[in-house]
Amino acid sequence: MIISGKELSTKLKAEMAGQVATFPEKYGRVPHLVVILVGDDPASVSYVTGKAKASEVVGIRNTTIRKPETVTEDELLSLIRQLNEDDSVDGILVQLPLPKHISEAKVIETISKEKDVDGFHPLNVAALWQKQPCTVACTPKGIIKLLKAAGVTIQGKRAVVIGRSNIVGLPVSKLLLDENATVTIAHSRTANLPELTRQAEILVVAIGRPKFVTADMVSEGTVVIDVGVNRDPQTGKLCGDVDFAGVEPKAAVITPVPGGVGPMTICCLMENTIECFLRRMSR
Ligand code: NAP
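Report on the accompanying structure. All figures in this text were calculated on a predicted structure; none of them were measured in a lab. (Residues numbered from 1 in each chain as written. Predicted model: local features only at pLDDT ≥ 70, side-chain atom pairs only at ≥ 80, totals over all residues. Heavy atoms only, no water.)

## Considerations on the overall build of the chain
Then step 1. A tally of helices and strands in the chain yields 11 helices and 10 strands.
Then step 2. For 283 residues, the compact-globule formula gives about 19 Å, and the C-alpha radius of gyration of the chain, at 19 Å, lands near that figure.
Then step 3. Considered along the principal axes of its C-alpha atoms, the chain spans approximately 55 × 40 × 35 Å.
Then step 4. By residue count, 48% of the 283 residues in the chain fall in the buried class.
Then step 5. Residue pairs at least 24 apart in sequence account for 70% of intrachain contacts in the chain once pairs closer than 6 positions are excluded.
Then step 6. Of the roughly 13400 Å² that the chain leaves accessible, carbon and sulfur atoms contribute 53%. (Helix = DSSP H or I, 4+ residues; strand = E, 2+ residues; numbered from the N terminus. Rg over C-alpha atoms; globule rule 2.2 N^0.38 Å. Buried < 20%, exposed > 50% of the residue type's maximum accessible area, 1.4 Å probe, protein only. Contact = heavy atoms within 4.5 Å. Areas by Shrake-Rupley, 256 points an atom, 1.4 Å probe, with all protein chains shown as cover.)

Right, dumping it as structure tokens:
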């Protein structure tokens, strides 16, 4: 079974649009998401455009602020502080990666926890690991929604996550653990990776290497979630971290790239923006 993140996200966005349509009467306005884009990296431009389009579908007000590659760290931080103070703004997202002269850590820490729709702020991360209410990072949150929508039982399963980044590998491992999976986190220094991945009942791959996971690394009936977004060096087309053609016949469930995890990430960004808005409205 191929799980379409595209279809699920379309359905969830339609439900959110219905919810947001009731907000002007209840709260006097709709949620407002501000996206800051530094420079003109084509991948970042396309992600920001996708976020603006999704906002339009859901009925969220979206403001995209573009800054040149040469913007200083101080300028960017003072813009964020200004947006933190702005009562009409519910969510702030700075598109990553940033130019080398700007500290991503400082940028993330400067966004107020209440407006951190990406769920990257250290206080949100700490809250996630302590099972406290928080904004959960969009990609991991979307992965759990995909698994549940596909009817996958997570509890009691052996899950292997390849990748230990702050934005995908670590938070998705914690969410799987919270769903009572038994989780192993693999990385570039893991010994005998294929032996480990063959034991997985749920395999989440977030490494950024085209078609890295091949059929011999996966057992029959495995649930495979491919987070990678890469260019296939042979065809130049988008591809995941999993060799889809080889692995799909063995997998019980698998996500395609594109059209799998990616659309769910944007969908969860919309959900996080609504959650931040509602929390601010209830203060
Ligand atoms: P990242 O920060 O570069 O982390 C990559 C992780 O993969 C690291 O933990 C690294 O291990 C591990 N790794 C690299 N090579 C490996 C190997 N040969 N064997 C085992 N582990 C290996 O990447 P990321 O930000 O998590 O993103 C991963 C992929 O997901 C990228 O393709 C990215 O574009 C994609 N992504 C997609 C979405 C979406 O919405 N679809 C969102 C975010 C990211 P070490 O820690 O040992 O270096």
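## Details of the pairing of strand S1 (residues 32–38)
Regular strands show a simple pattern: their side chains alternate between the two faces of the sheet.
Then step 1. Burial analysis of S1 places seven of its seven residues in the buried class, which makes it a mostly covered element.
Then step 2. Here S1 shows two buried faces, one formed by His-32, Val-34, Ile-36 and Val-38 and the other by Leu-33, Val-35 and Leu-37.
Then step 3. Note that S1 and strand S2 (residues 61–67) share seven bridges and pair parallel. Paired with Leu-33 across the strands is Asn-62, a residue of S2.
Then step 4. The β-α-β motif built from S1, the intervening helix H3 (residues 42–58) and the parallel element S2 has right-handed crossover chirality.
Then step 5. Inspection of the sheet shows S1 paired to strand S3 (residues 91–94) by four bridges, in the parallel sense. (Pairing = 2+ DSSP bridges. Right-handed = clockwise from strand over helix to strand, strands pointing away.)

## Focus on a nonpolar patch on the surface
Then step 1. On the surface, Tyr-47, Val-229 and Leu-238 cluster together into a nonpolar patch covering about 260 Å² of accessible area.
Then step 2. Of note, Leu-238 is situated in strand S9 (residues 238–239). (Patch = residues over 30% accessible without salt bridge, like charges linked within 9 Å, V, L, I, M, F, W, Y side chains within 5 Å. Salt bridge = Lys/Arg side-chain N within 4 Å of Asp/Glu carboxyl O.)

## Details of the sheet that holds strand S7 (residues 223–226)
Then step 1. In spatial order, the strands read S5-S4-S6-S7-S10; together these five strands make up an open sheet with parallel pairing. Each edge of the sheet is formed by a strand with only one pairing partner; in this case those strands are strand S5 (182–186) and strand S10 (253–254).
Then step 2. Relative to S5, strand S4 (residues 158–162) is paired through five bridges, and the arrangement is parallel. Residue Ile-162 lies in a different strand from S5, and its bridge partner there is Ala-186.

## Some words on the site of the ligand
Then step 1. Taken together, 21 residues surround the ligand, and among them Arg-164, Ser-165, Ser-188, Arg-209 and Thr-265 come closest.
Then step 2. Between the ligand and Ser-165 there is a distance of 2.5 Å, counted from an oxygen atom to a side-chain nitrogen or oxygen.
Then step 3. The separation between an oxygen atom of the ligand and a polar main-chain atom of Val-227 is 3.5 Å.
Then step 4. Relative to its unbound accessible surface of 930 Å², the ligand loses 72% to contact with the protein.
Then step 5. With three residues, the single largest contributor to the shell around the ligand is helix H11 (residues 261–281).
Then step 6. Class assignment for the residues of the shell around the ligand results in nine nonpolar, 10 polar and two charged. (Near = heavy atom within 4 Å. Polar contact = N/O pair within 3.5 Å; in protein donor to acceptor, adjacent residues only side chain to side chain. Nonpolar A, V, L, I, M, F, W, Y, C, P; charged D, E, K, R; others polar.)

## What to know about the sheet that holds S1
Then step 1. Read from one edge of the open sheet, three strands run S2-S1-S3, paired in parallel fashion. Both outer strands of the open sheet, S2 and S3, are each paired with one neighbouring strand and no more. On average, each strand axis in the sheet is tilted by 15° relative to the strand beside it, whichever way the strands run.
Then step 2. Along the sheet, helix H4 (residues 73–85) makes contact with S1, S2 and S3, crossing S1 at roughly 180°. (Axes fitted to C-alpha atoms, helices over the stretch in contact; angles between N-to-C directions.)

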